[in-house]
Number of protein chains: 6
Amino acid sequence: MNREERYEAGLKVLNSVDGEAGQRVVESLADVSPELGHQVVAWAFGTMYARPELSPRDRQLVTLGVLTALGGCEIELNVHINAALNVGLSATEIAEALLHTAVYAGMPRSINATLVAKQVFADRGLPPVSNLS
Amino acid sequence: MNREERYEAGLKVLNSVDGEAGQRVVESLADVSPELGHQVVAWAFGTMYARPELSPRDRQLVTLGVLTALGGCEIELNVHINAALNVGLSATEIAEALLHTAVYAGMPRSINATLVAKQVFADRGLPPVSNLS
Amino acid sequence: MNREERYEAGLKVLNSVDGEAGQRVVESLADVSPELGHQVVAWAFGTMYARPELSPRDRQLVTLGVLTALGGCEIELNVHINAALNVGLSATEIAEALLHTAVYAGMPRSINATLVAKQVFADRGLPPVSNLS
Amino acid sequence: MNREERYEAGLKVLNSVDGEAGQRVVESLADVSPELGHQVVAWAFGTMYARPELSPRDRQLVTLGVLTALGGCEIELNVHINAALNVGLSATEIAEALLHTAVYAGMPRSINATLVAKQVFADRGLPPVSNLS
Amino acid sequence: MNREERYEAGLKVLNSVDGEAGQRVVESLADVSPELGHQVVAWAFGTMYARPELSPRDRQLVTLGVLTALGGCEIELNVHINAALNVGLSATEIAEALLHTAVYAGMPRSINATLVAKQVFADRGLPPVSNLS
Amino acid sequence: MNREERYEAGLKVLNSVDGEAGQRVVESLADVSPELGHQVVAWAFGTMYARPELSPRDRQLVTLGVLTALGGCEIELNVHINAALNVGLSATEIAEALLHTAVYAGMPRSINATLVAKQVFADRGLPPVSNLS
């Protein structure tokens, strides 16, 4: 595959995982670093996400763990909580994954990511999550 | 104590330390992860904060150090700078603790936390802090 | 459940997930902070890991993402790469999860975690992982 | 040099590097921690930036790397992307430096910093950057 | 004060807080970056630690919080757990401060710092800490 | 270019920048995640480092900033301090770049990176750096 074909292949994976939210991030880079947008599409999605060794659902569980732990990734968490819903994780599973991060990354990181999930769930018209033991 | 009693015990500690600000964080989680709100109250406050081995004032000094170093914790810093005032630290001591973090966490983390303190002090109608040597 | 019962319940979960490696971490804390060891067992495992909303395998995917992103968690990654194998992730899936983190946490975090996996796989006598596309 | 002279010397360096943006950060600290503002000027700029062992342009390349990797430093990145332009880095070089960080700090940190650069370039009326290979 | 006097003033503060452990860090920098050693002594201790707005004991509580949260600071934690003992914190208070960080920085950071404390307490011949509730 | 050609192109860049140290990292991944080794070579070096928009020397300044700020990257800092020398930065400039990071990332990160530089400089038989003002 040449550079353009890698981009096209990546765009299909990006759209199947992130939907419109991913596209918007790439577009926001168009007039400042189109090459970064290209690498997100062609490398991150075309090369890495496209690999069959881990399912899209499993990749989002890892991704939610990484983004929550990094902190300061609210934009990306919004994209990837949407992605997590797109690839088959339920709102309850996502809330639980973010709750689980409190053990390893502490309460503030877990709370911040959960408040992003709250916004995404509301934007998509999902009902409240009740996960009390 | 059962689960409900641990929550009630935690709520008393939470209120004595964080006041209304802590309650608002717990409430913001009610429709997305009430269990996370429960753990903040029952575990963080009911189990950890309630221990007598360290005074509430000392716990806030440690907490301010952790939250400043983590970065991206402006919401939590707002709660805990309020908490620090509630448990007996003066505005001058808080500003100094945040100044001190510059040595270990660098200027940007110290500045970001100090700007949160500026907002909290203004919200509470405190006079300007003058800590020039 | 009282405090002692929560510890016992947590110990069963800890052993089913982490095996001996988790026990060794708890024991290493015995003469400096036995309460921290208690909270790892009773809270992290007895309360958080025991929840049915997410499978043990899914929890390890999130955990690997968090620990890799945090950095400086080689001890904990060793425990949880072992745990990941214990709860049904294959060596190939673990290597892929750590490869995936490179997109979000960068190459150094991904490499460091992968080198811990290399050690764990060797300690358990697993064959080399070949994941070339 | 006495304390006041160190401040004056630092202010000259600060102005030559950061311009007005740096001044605004110092002023924002005036009523909460003027000593922190003093240390930014007198120590960071008067003592550290003033050293001849590394050029102002080189210092900004290091600074952009550090601030991008830390995360949560959008305010400081705004100041230092302006500074980078002030000391001779082109918009293309800045975009490339931030693209480069993706290798080591991951895509989200690189994207977040690049979006700050987009804002700074627009504020200064610079034309779009086209860095496609 | 001139540069040399600031160093001498800082050295007195460094020795009163960190004792020999701080000196060893400064000496280890002598043949690679003596200016960094100078700044640790003259700025961090001579200028920042010397300020009266916060007691040495309070500064160590903040420092322990920052260093634990940063991660990867085992060398510095060793110095500052020693320092914490030097300025009047008991081993039990230090263990509790590090336990407290688990709420905000997560279990791995808390465990890693506590294992450094275990080594420091053993090096100084202190008896085991028993902090079970 | 096909996959194999991208690897070969990347290997030339890797060798010109990192020398043997980079090769050793790639080889250490061969039996656990050869794909990660491939991506380091083909993507990080073949695609990103190969771009002409920033000189190799400038890329190392950014890289040193990122790796120092991340913390816990001693292995990678060793490789890239070697790389920095390979592409024309002097030991004095490297020490100064690491000193500069103290302003933004704090003293511990700066000290830890400087101690890696000390080892690299000694391994290469370089004379002591004297950078006192």
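Residues numbered from 1 in each chain as written. Chains lettered and ligands numbered in written order. Predicted model: local features only at pLDDT ≥ 70, side-chain atom pairs only at ≥ 80, totals over all residues. Heavy atoms only, no water.

Engineer: So what exactly am I meant to see when it comes to the overall build of chain A here?
Structural biologist: Across its full length, chain A carries seven helices and zero strands. Reading chain A from its N terminus to its C terminus gives the helix and strand order α-α-α-α-α-α-α. Over its C-alpha trace chain A gives a radius of gyration of 15 Å, about what one expects of a compact globule, namely 14 Å for 133 residues. Considering chain A as a whole, with its 133 residues, one finds that 68% of them fall into the buried category. Residue pairs at least 24 apart in sequence account for 67% of intrachain contacts in chain A once pairs closer than 6 positions are excluded. About 4300 Å² of surface is accessible on chain A, with carbon and sulfur atoms providing 54% of the total. (Helix = DSSP H or I, 4+ residues; strand = E, 2+ residues; numbered from the N terminus. Rg over C-alpha atoms; globule rule 2.2 N^0.38 Å. Buried < 20%, exposed > 50% of the residue type's maximum accessible area, 1.4 Å probe, protein only. Contact = heavy atoms within 4.5 Å. Areas by Shrake-Rupley, 256 points an atom, 1.4 Å probe, with all protein chains shown as cover.)

Engineer: Please explain the pattern of salt bridges as it appears in this structure.
Structural biologist: Oppositely charged side chains can pair when the atoms bearing their charge come close. Summed over the entire model, instances satisfying the criterion amount to 60 salt bridges over all chains. In this structure, the salt-bridge partner of arginine 24 of chain A is glutamate 20 of chain A, at a minimum N-O distance of 3.6 Å. With a gap of four residues between them, arginine 24 of chain A and glutamate 20 of chain A both fall in helix H2 (residues 20-28), about one helical turn apart. In terms of burial, arginine 24 of chain A and glutamate 20 of chain A fall into one category: exposed. Between glutamate 35 of chain F and arginine 51 of chain A there is a salt bridge, and its shortest N-O distance comes to 3.4 Å. Remark: arginine 51 of chain A occurs in the loop between helix H3 (34-49) and helix H4 (56-70) and glutamate 35 of chain F occurs in helix H3 (residues 34-49); the pair is interchain, linking two chains. Arginine 51 of chain A matches glutamate 35 of chain F in its accessibility class, with the two residues each being buried. (Salt bridge = Lys/Arg side-chain N within 4 Å of Asp/Glu carboxyl O.)

Engineer: How do you make sense of the relation of the copies chain A and chain C when you look at a structure like this?
Structural biologist: One chain copy maps onto the other through a rotation about an axis and a shift parallel to that axis. Once chain A is rotated about the relating axis by 180° and shifted along it by 0.0 Å, it coincides with chain C to within an RMSD of 0.0 Å. With respect to symmetry, the two chain copies, as superposed, fit the operation of a two-fold axis. The share of interface residues of chain A whose copies in chain C are also at the interface is 100%, consistent with both copies meeting through the same surface. (Least-squares fit on C-alpha atoms with pLDDT ≥ 70 in both.)

Engineer: Would you mind showing me how to read the side chain of aspartate 18 of chain D here?
Structural biologist: Residue and element names in this part refer to chain D. Structurally, aspartate 18 is set in the loop between helix H1 (3-17) and helix H2 (20-28). At 9.3 Å, arginine 124 is the nearest oppositely charged side chain to aspartate 18, a buried residue that forms no salt bridge. Excluding its chain neighbours within four sequence positions, the residues that come into contact with aspartate 18 are Phe45, Val79, His80, Ala83 and Asn86. (Lys, Arg positive; Asp, Glu negative; His and termini not counted.)

Engineer: Where do I start with the interface of chain F and chain B in this structure?
Structural biologist: It is common to give the size of an interface as the accessible area lost on bringing the parts into contact. Between chain F and chain B, the contact holds seven residues from the first and seven residues from the second. Regarding the contact of chain F and chain B, the summed buried area is about 430 Å², with carbon and sulfur atoms giving 61% of it. Together, Val103, Tyr104 and Pro108 of chain F form the three largest contributors to the area buried by chain F at its contact with chain B, with a combined 61%. Along the contact surface separating chain F from chain B lie zero salt bridges. Our enumeration of links across chain F and chain B arrives at two residue pairs in polar contact (both at pLDDT 80 or more). Contributing elements (two or more residues each) for the side of chain F that touches chain B: helix H6 (91-105) and helix H7 (107-123) of chain F. Element by element, the count of residues in the side of chain F that touches chain B is highest for H6 of chain F, at four residues. (Buried area = accessible area lost by both parts, 1.4 Å probe. Polar contact = N/O pair within 3.5 Å; in protein donor to acceptor, adjacent residues only side chain to side chain.)

Engineer: In this structure, what is going on with the packing of aromatic side chains? I would like to understand it.
Structural biologist: Where two aromatic rings form a pair, the distance of their centres and the angle of their planes describe that pair. Tallied over the full model, the rule gives nine aromatic pairs over all chains. Seen in terms of ring centroids, tryptophan 43 of chain A and tryptophan 43 of chain F are 3.6 Å apart; in terms of plane orientation they differ by 5°. Their pairing is stacked. Of this pair, tryptophan 43 of chain A sits in helix H3 while tryptophan 43 of chain F is found in helix H3, placing the two residues in two different chains. Judged by relative accessible area, tryptophan 43 of chain A falls into the buried class, the value being 3%. (Phe/Tyr/Trp six-rings, centres within 6.5 Å; stacked < 30°, edge-to-face > 60°.)

Engineer: So what exactly am I meant to see when it comes to the confidence of the model for chain A here?
Structural biologist: Across chain A, the average pLDDT comes to 97, with 100% of residues at or above 70. Across the interface, the model reports ipTM at 0.97; the global pTM reads 0.98. (pLDDT = per-residue confidence, 0-100.)

Engineer: Sorry, what's going on with the relation of the copies chain F and chain B here?
Structural biologist: With an axial shift of 0.0 Å and an RMSD of 0.0 Å, the rotation relating chain F to chain B amounts to 180°. Counting the interface residues of chain F, we find that 100% of their copies in chain B are interface residues as well, pointing to one common contact surface.

Engineer: I would appreciate a short explanation of the interface of chain A and chain C in the present structure.
Structural biologist: Of the residues lining the interface, 34 residues belong to chain A; the matching set on chain C comes to 34 residues. Counting the surface lost from both chain A and chain C, the interface buries some 3100 Å², and carbon and sulfur atoms represent 68% of this. Contact with chain C buries area across many residues of chain A, yet Arg51, His100 and Tyr104 of chain A alone supply 21% of it, more than any other trio. Where chain A packs against chain C, one counts six salt bridges. Among the ionic pairs, aspartate 58 of chain C bridges to arginine 57 of chain A, the shortest N-O distance being 2.7 Å. Our enumeration of links across chain A and chain C arrives at 18 residue pairs in polar contact (both at pLDDT 80 or more). Elements that contribute at least two residues to the side of chain A that touches chain C include exactly H3, H4 and helix H6 (91-105) of chain A.

Engineer: Help me out: how do you make sense of the environment of proline 52 of chain B in this one?
Structural biologist: Residues and elements named next belong to chain B. With respect to the element layout, proline 52 can be found in the loop between helix H3 (34-49) and helix H4 (56-70). With a relative accessible area of 73%, proline 52 lands in the exposed category. For the pair proline 52 and glutamate 93, spaced 41 residues apart in the sequence, the C-alpha separation amounts to 23 Å.

Engineer: Is there a simple way to think about H6 of chain F in this case?
Structural biologist: Structurally, the α-helix is built with 3.6 residues per turn, so residues lying three or four positions apart point the same way. Residues and elements named next belong to chain F. The end-to-end C-alpha distance of H6 is 21 Å, a good match for the 21 Å that 15 residues give at a rise of 1.5 Å each. Counted residue by residue, H6 has 14 buried out of 15 residues, so it is predominantly covered. Positive backbone phi, at 90°, marks glycine 106, one or two positions downstream of H6. (Expected span 1.5 Å × (residues − 1).)

Engineer: Would you mind going over helix H4 (residues 56-70) of chain C with me for this structure?
Structural biologist: All names here are of chain C. A rise of 1.5 Å per residue sets the reference length of H4, with its 15 residues, at 21 Å; its end C-alpha atoms lie 21 Å apart and thus fit the reference within 8%. By the criterion of burial, H4 is predominantly enclosed, with 13 of the 15 residues buried. Looking one or two residues beyond H4, the residue adopting positive phi is glycine 71, at roughly 75°.

Engineer: What exactly am I supposed to notice about the state of the cysteines here?
Structural biologist: Disulfides are covalent bonds that link the sulfur atoms of two cysteine residues. Considering all chains together, one arrives at zero disulfides over all chains under this definition. For cysteine 73 of chain C, which is in no disulfide, the shortest distance to another cysteine sulfur is to cysteine 73 of chain E and amounts to 12 Å. (Disulfide = S-S within 2.5 Å.)

Engineer: I keep staring at the packing of helix H4 (residues 56-70) of chain F against helix H5 (residues 74-86) of chain F and nothing clicks. Help me out?
Structural biologist: In a packed pair of helices, the relevant descriptors are the angle between the two axes and the axis-to-axis distance. All names here are of chain F. H5 packs onto H4 with a crossing angle of 160° between their chain directions and a minimal axis gap of 10 Å. With respect to H5, the axis of H4 lies roughly antiparallel. Between H4 and H5 lies a crossing whose hand is left-handed. Counting all contacts with H4, which are made through Gln60, Thr63, Leu64, Leu67 and Thr68, the residues of H5 involved are Glu76, Leu77, His80, Ile81, Ala83 and Ala84. Within the contact of H4 with H5, the residues separate by chemical class into six nonpolar, four polar and one charged. (Axes fitted to C-alpha atoms, helices over the stretch in contact; angles between N-to-C directions. Parallel < 35°, antiparallel > 145°, perpendicular 65-115°, else oblique. Left-handed = near helix turned anticlockwise from the far one by under 90°. Nonpolar A, V, L, I, M, F, W, Y, C, P; charged D, E, K, R; others polar.)

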